[in-house]
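For reference, the chains in residue letters:
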Amino acid sequence: VLRCLGIPTRVITNFNSAHDKNLNLSIDKYIDMSGNNLHLSEDSVWNFHVWNESWFIRRDLGSFYDGWQVLDATPQEKSKGIYQCGPASTRAIKEGDVNLDYDSPFVFAAVNADCVTWIRYSKKRKERVYSDTRKIGKFISTKAVGTNSRVDVTANYKYPEVKEFSFKIPYSQYKNSLMDDRKILVTAV
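None of these values were measured; they are calculated from a predicted model. (Residues numbered from 1 in each chain as written. Predicted model: local features only at pLDDT ≥ 70, side-chain atom pairs only at ≥ 80, totals over all residues. Heavy atoms only, no water.)

S.K.: How should I be thinking about a nonpolar patch on the surface in this particular structure?
M.R.: A cluster of nonpolar residues, Val11, Phe15, Phe48, Val50 and Phe139, forms a patch on the protein surface that exposes about 460 Å² of accessible area. Mapped by element, the contributors of at least two residues to the nonpolar patch are strand 1 (9-19) and strand 3 (44-56). Note that Phe48 resides in strand 3. For Phe48, a relative accessible area of 48% puts it in the partly exposed group. (Patch = residues over 30% accessible without salt bridge, like charges linked within 9 Å, V, L, I, M, F, W, Y side chains within 5 Å. Areas by Shrake-Rupley, 256 points an atom, 1.4 Å probe, with all protein chains shown as cover. Salt bridge = Lys/Arg side-chain N within 4 Å of Asp/Glu carboxyl O. Helix = DSSP H or I, 4+ residues; strand = E, 2+ residues; numbered from the N terminus. Buried < 20%, exposed > 50% of the residue type's maximum accessible area, 1.4 Å probe, protein only.)

In structure tokens form, the structure reads like this:
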């Protein structure tokens with residue numbers, strides 16, 4: 001329909017697409033002390049999800065957010081009481097501007113959420129034991145104009161993942177740093 005109106009529009013596919021039901025920008029998994037899944041979160045990761053992008057001028061948000069906007073014709077969650085998603089600026093998604101309207105936090109999480117595993121000791125006490133910051137939002141793609149080739153548009157949605165660096169330190173120092181990290185995590189939760 002948007003193309004019929006003369007608005008540039010394209011289909012986008014996001015692989016490892018997060019579905020952040022509670023909008024906390026992470027996909028949470030809760031386990032008990034034996035490692036059994038507790039099924040406390042409705043968050044999920046889909047193999048892929050597809051939406052549309054259309055090119056808009058954003059007088060409502062400011063010219064910084066002009067350009068490609070995410071419009072999801074198959075939203076799974078209600079937004080402002082109805083099933084809708086967008087138009088969320090891809091620039092806002094890339095910059096992490098999740099306080100903007102038009103479902104920016106939901107789209108940000110779809111391409112950039114952290115996958116976090118928690119051990120739940122009781123209703124009041126949990127501990128983060130694992131976090132994967134690279135799993136979500138892979139090979140975000142559209143079809144090339146005039147060919148059946150894939151065009152990677154991941155850079156429109158997120159900055160490159162930070163490369164991990166390895167440092168050589170004595171094991172005792174590493175072990176002590178883990179204990180310090182654990183204290184910080186337990187205190188923070």
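There is more to say, and it comes next.
S.K.: What should I look at first to understand the pattern of salt bridges in this one?
M.R.: Note on pairing: side chains with opposite charge can pair once their charged atoms come close. This model, assessed by the stated rule, comprises 5 salt bridges. A salt bridge links Glu42 to Lys21; the nearest nitrogen and oxygen atoms lie 3.6 Å apart. Linking Glu42 in the loop between strand 2 (26-31) and strand 3 with Lys21 in the loop between strand 1 and strand 2, this pair joins segments that are 21 residues apart in sequence. Given a relative accessible area of 36%, Lys21 falls into the partly exposed group. Of the charged contacts in the structure, one is a salt bridge between Glu161 and Lys158, with a shortest N-O distance of 3.1 Å. Residue classification places Glu161 among the partly exposed residues on the basis of a relative accessible area of 28%.

S.K.: Sorry, what's going on with the packing of aromatic side chains here?
M.R.: Tallied over the entire structure, the rule returns 5 aromatic pairs. Summarising the aromatic geometry, the rings of Trp55 and Trp68 are spaced 5.3 Å apart at their centres and angled 85° between planes, so their arrangement reads as edge-to-face. Here the residue Trp55 occupies a position in strand 3, and Trp68 occupies one in strand 4 (residues 67-71), the gap between them amounting to 13 residues. The exposure class of Trp55 is partly exposed, given its relative accessible area of 46%. Directly above the ring of Tyr159 sits Lys94, whose terminal nitrogen or CZ lies 4.6 Å from the centroid. (Phe/Tyr/Trp six-rings, centres within 6.5 Å; stacked < 30°, edge-to-face > 60°. Lys NZ or Arg CZ within 6 Å of the ring centre and 35° of its normal.)

S.K.: How should the sheet that holds strand 11 (residues 150-152) be read in this particular structure?
M.R.: Picture the strands of a sheet paired through backbone hydrogen bonds; they go either parallel or antiparallel. Across the sheet, 6 strands lie side by side as 7-4-3-1-10-11; this open sheet has antiparallel pairing. Looking at strand neighbours, the two that pair on one side only are strand 7 (88-89) and strand 11, the edges of this open sheet. With 3 bridges connecting them, strand 10 (residues 138-143) and strand 11 associate as antiparallel partners. What sits directly across from Ser141, in strand 11, is Asp152. Against the sheet, helix 2 (residues 104-112) engages strand 1, strand 3, strand 4, strand 7 and strand 10, with an angle of about 70° to strand 1. (Pairing = 2+ DSSP bridges. Contact = heavy atoms within 4.5 Å. Axes fitted to C-alpha atoms, helices over the stretch in contact; angles between N-to-C directions.)

S.K.: Help me out: how do you make sense of the pairing of strand 10 in this one?
M.R.: Side-chain direction in a regular strand flips from residue to residue, so the side chains alternate between the two faces of the sheet. Pairing analysis gives 2 bridges linking strand 1 to strand 10, with the strands arranged antiparallel. The partner of Thr13 across the bridge, within strand 10, is Ser141. Connecting the antiparallel pair strand 10 and strand 11 is a turn made up of 6 residues, with Gly146 showing a positive phi of about 85°.

S.K.: Explain the nonpolar core here, please?
M.R.: Soluble globular proteins tend to bury their nonpolar side chains together. Counting residues in hydrophobic clusters, the biggest one holds 14 residues, and the most contacted among them are Trp51, Ile93 and Tyr157. It is helix 2 that contributes the most residues to this core, 5 residues altogether. Leaving out residues up to four positions away in the same chain, Trp51 has contacts with Arg10, Val11, Ile12, Asn14, Ser17, Val70, Leu71, Asp72, Ala110, Val111 and Tyr157. By size, the runner-up hydrophobic cluster in this structure holds 6 residues, among which are Ile27, Ala109, Cys115 and Ile136. (Core = buried A, V, L, I, M, F, W, Y, C linked by side-chain atoms within 4.5 Å.)

S.K.: How should the sheet that holds strand 8 (residues 114-120) be read in this particular structure?
M.R.: If you walk across this open sheet you meet the 3 strands as 2-8-9, and the pairing is mixed. On the outer flanks of this sheet lie strand 2 and strand 9 (126-132), each paired with one strand and no other. The average undirected angle you get between the axes of adjacent strands in this sheet is 25°. By the bridge criterion, 6 bridges tie strand 2 to strand 8 in an arrangement that is parallel. Bridging across to strand 8, Lys29 finds its partner in Thr117.

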